[in-house]
Amino acid sequence: MKIRIDRAKDRTHGDFATNAALILSKPLHRKPSDIAAAIVSRIPSSERISKIEIAGPGFINFFVNQNEVAEQLEKMASDPRLGVPLKKEPQTVVVDYSAPNVAKEMAVHHLRSTVIGDAIVRVLEFEGDKVIRANHIGDWGTQFGMLIAYLEKKENELGTGMDLSDFEAFYREAKACYDDDPAFAEKARHYVVLLQSGDEYCRKMWSKLVKMTMDQNQNLYDRLDITLKPKDIMGESLYNDMLPGVVDDLIKKGIAVEDQGAIVVYLPEFKNKDGEPLGNIIRKKDGGYLYNTTDIACIKYRVEHFHAQRILYFSDSRQHQHHEVVWEIAKKAGYVPDGVSYEHCQFGMMLGKDGRPFKTRDGGTVKLRDLLDEAESRVSALLDARGSTLKGEERKQVIHNIAIGAVKYADLSKNRNTDYIFDWDQMLSFDGNTAPYLQYAYSRIRAIFRKAEIKPGNIIISNDAEQELAAKLLGFGEAVRQTGDKCLPNILCTYLYELAGLYMHFYETCPVLKDGVDEKTRRSRLALCALTADVLKQGLKLLGINVMEQM
Ligand code: ARG
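Residues numbered from 1 in each chain as written. Predicted model: local features only at pLDDT ≥ 70, side-chain atom pairs only at ≥ 80, totals over all residues. Heavy atoms only, no water.

Peer 1: How would you sum up the overall build of the chain? Please name residues and give values.
Peer 2: Along the chain, the regular secondary structure elements total 19 helices and 13 strands. Split into buried and exposed, the 551 residues of the chain put 52% on the buried side. Nonlocal contacts in the chain, meaning residues at least 24 apart in sequence, comprise 72% of its contacts between residues at least 6 apart. As displayed, the chain offers around 26700 Å² of accessible surface, 51% of which is attributable to carbon and sulfur atoms. Charge separation in the chain, taken as the distance between the mean sites of 75 positive and 79 negative side-chain charges, equals 3 Å. (Helix = DSSP H or I, 4+ residues; strand = E, 2+ residues; numbered from the N terminus. Buried < 20%, exposed > 50% of the residue type's maximum accessible area, 1.4 Å probe, protein only. Contact = heavy atoms within 4.5 Å. Areas by Shrake-Rupley, 256 points an atom, 1.4 Å probe, with all protein chains shown as cover. Lys, Arg positive; Asp, Glu negative; His and termini not counted. Charge placed at Lys NZ, Arg CZ, Asp CG, Glu CD.)

Dropping the structure here:
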């Protein structure tokens, strides 16, 4: 346990509390309450603190002078960063996320990686880090011989410029040809060899497959307001030339050994199911390399080429051991200097309402495109049911914002370490911890400003509801920092949800535009409304979600 000063959760405990006396009790061999009393008696009096209290076994609670709070809020309101500090020591962070596979449909676990990874990228960039987006697409491997042979067959039948809109079917048919037609299989195996030796024709066909896949994925990124661009593609093939050198190097350093023709790294840190050191093949008997060989080379590249200080991986929890193993090998090989951190930001599965892996009704994988189409049509129906009068472009934009916001937020708002249940009704509800709720809170605040005839003024904190809202607003920077440090967007979601709740309470108890509110109070409350709207907008933006003036 460390000494901490935290914002108090409950206002009766003041604004800040510290556990210092409790922590110091052991090394000092004294009662925490005595230490707390000794600390408190030595704190010089300050205009900024209105009261200091010792609570429970020895917590020290600080009550901040409300004039000071008002001053800080005004500073925050006039700051375009809304009080979120830039990091004093920004880092170079490589963020490995999305990473779909070529000639395959993006699946739901890619959706999770894409949505969560992109939120973290936005947060870290906002905090001043140098962020490198690395879309580690699966664009290499023996299956490409088969895919090239099948693309060739299709082009012969249909001509070039065909529209490859169903990757699932393409892959399935290619596999069927490979299994059923010996001549095709022969050609496919020949094409793998040619591709690996840099043959021009096979390279061209391969590029075509990559481009067709990634053009389609780029449409999805754009549709999802994801910041990934074609330049961020750094697929497995990028590291291909490094693989022989890395394997030789690992052999030379005594980290890898030959075992029945294959090259293997045995790691005593990891045990196999018989309790023996885990063996990790990095080169097969036939000379082929594996997924882990590429990731070892990739770590080396990210350190040498980008000078990465932090490398984040957003992939599902089933890949956890893989990441631990490659990191261990890269460290042993001396590819990573001390201080570089490697974080597997793993996430659970996306489940249907029945608690089983998310699938279509007939058991197939859900295509992201279909999922987003459904989200939009559900929102369209929802707007009709709510009697929306929006038309044309504006309606389209609102549907987009709510649909995409809901799908993303449903994922972002749960702790990523757990599985999560995909539930349309829950995510599209205007009540509870959802994007529509927060977006609606924002538009309702903006509506006040369309009616108000005066501008926001100086902030005066005069009652409990205002105090609670104020304290929450001042916690924005802390929520952003924790989100980026822990790569947990649900921290920011919870913050925004609590902020919206405190705002609603404030709005119910503190009239703003009603008759009988004096001008000073009205202008102060308008300022609190404006600042809340700004924080909601900025917070949602960091999550990759848009707000709108009217919805
Ligand atoms: N393409 C992989 C998949 O579809 C994810 C890649 C994750 N990143 C990595 N460097 N291994 O599961």
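Peer 1: Outline the sheet that holds strand S1 (residues 5-7), supporting the account with residue identities and numerical values.
Peer 2: Strand order in this open sheet of 4 strands is S1-S2-S4-S3, and the pairing throughout is antiparallel. Both outer strands of the open sheet, S1 and strand S3 (49-55), are each paired with one neighbouring strand and no more. Each strand axis lies, on average, 25 degrees off the axis of its neighbour in the sheet, ignoring direction. The pairing of S1 with strand S2 (residues 16-18) spans 3 bridges and is antiparallel. By the bridge assignment for S2, Ile5 is matched with Thr18. Across the sheet, helix H2 (residues 32-42) touches S3 and strand S4 (59-64), and the angle it forms with S3 is around 165 degrees. (Pairing = 2+ DSSP bridges. Axes fitted to C-alpha atoms, helices over the stretch in contact; angles between N-to-C directions.)

Peer 1: Tell me about the packing of aromatic side chains, and name the residues and values.
Peer 2: Considering all chains together, one arrives at 14 aromatic pairs under this definition. Between Phe358 and Phe422, the ring centres sit 4.6 Å apart and the planes meet at 50 degrees, which makes this aromatic pair tilted. One end of the pair, Phe358, is in the loop between strand S12 (350-351) and helix H12 (368-385); the other, Phe422, is in the loop between strand S13 (420-421) and helix H14 (424-427), and 64 residues separate them in sequence. Accessibility classification places Phe358 together with Phe422 in one group, the buried group. The aromatic ring of Phe126 is capped on one face by Arg81, whose charged end is 4.3 Å from the ring centroid. The side chain of Lys300 reaches across the aromatic face of Tyr335, ending 5.3 Å from its centre. (Phe/Tyr/Trp six-rings, centres within 6.5 Å; stacked < 30°, edge-to-face > 60°. Lys NZ or Arg CZ within 6 Å of the ring centre and 35° of its normal.)

Peer 1: Give me the lowdown on helix H13 (residues 392-412), citing residues and values where you can.
Peer 2: One full turn of an α-helix is made of 3.6 residues, so residues set three or four places apart face in the same direction. End to end, H13 covers 30 Å across 21 residues, agreeing with the expected 30 Å (1.5 Å per residue, within 8%). Burial within H13 is extensive, with 16 of its 21 residues counted as buried. (Expected span 1.5 Å × (residues − 1).)

Peer 1: So what about the sheet that holds strand S8 (residues 262-271)? Which residues, and what values?
Peer 2: Read across the open sheet, the 3 strands follow the order S7-S8-S9; overall the sheet is antiparallel. Each having just a single partner strand, strand S7 (256-259) and strand S9 (277-283) make up the two edges of the open sheet. Each strand axis lies, on average, 45 degrees off the axis of its neighbour in the sheet, ignoring direction. Across 4 bridges, the pairing between S7 and S8 is antiparallel. If you follow Glu258 over to S8, its bridge partner there is Ile263. The strands touched by helix H11 (residues 320-332) within the sheet are S8 and S9, with S8 carrying the most contacts at an inclination of about 105 degrees.

Peer 1: Tell me what's going on with the site of the ligand, and back it up with residues and numbers.
Peer 2: The ligand sits among Asp96, Ala99, Asn101, His109, His110, His136, Tyr291, Asp295, Tyr313, Gln319 and His323. Ala99 is positioned such that a nitrogen or oxygen atom in its backbone is 3.0 Å from a nitrogen atom of the ligand. About the coverage of the ligand: the protein hides 92% of its 350 Å² of free accessible area. Mapped by element, the contributors of at least two residues to the shell around the ligand are helix H4 (108-126) and helix H10 (291-306). Across the shell around the ligand, the residue classes tally to 3 nonpolar, 6 polar and 2 charged. (Near = heavy atom within 4 Å. Polar contact = N/O pair within 3.5 Å; in protein donor to acceptor, adjacent residues only side chain to side chain. Nonpolar A, V, L, I, M, F, W, Y, C, P; charged D, E, K, R; others polar.)

Peer 1: Quick one: what's the story with the nonpolar core, residue by residue and with numbers?
Peer 2: The biggest cluster of nonpolar side chains holds 129 residues, and the ones touching the most others in it are Leu73, Phe314, Val535 and Leu543. In terms of residue count, helix H19 (residues 519-542) provides more of this core than any other element does, 11 residues in total. Those residues within four positions of Leu543 in sequence are excluded, and the remaining contacts are Ala119, Arg122, Lys408, Tyr409, Leu412, Pro489, Leu492, Cys493 and Leu496. (Core = buried A, V, L, I, M, F, W, Y, C linked by side-chain atoms within 4.5 Å.)

Peer 1: Tell me about the environment of Phe270, and please be specific about residues and values.
Peer 2: Tracing the sequence through the fold places Phe270 in strand S8. What Phe270 contacts, discounting residues up to four positions off in sequence, is Glu276, Pro277, Leu278, Glu324, Val325 and Glu328.

Peer 1: So what about the pattern of salt bridges? Which residues, and what values?
Peer 2: The tally for this structure, following the rule as stated, stands at 36 salt bridges. When the shortest N-O distance is used, the salt bridge between Asp118 and Arg122 registers 3.3 Å. Placement of both Asp118 and Arg122 in helix H4 is noted, with a separation of 4 residues, approximately one turn of the helix. The class for Asp118 is buried, based on a relative accessible area of 2%. The closest approach of N and O atoms between Arg133 and Glu125, which form a salt bridge, is 2.9 Å. Given the relative accessible area of 36%, Glu125 is considered partly exposed. Here the salt bridges share partners, and the residues they tie into one network are Arg223, Asp373 and Glu376. (Salt bridge = Lys/Arg side-chain N within 4 Å of Asp/Glu carboxyl O.)

In short, shape yes, function no, at least from these values alone.
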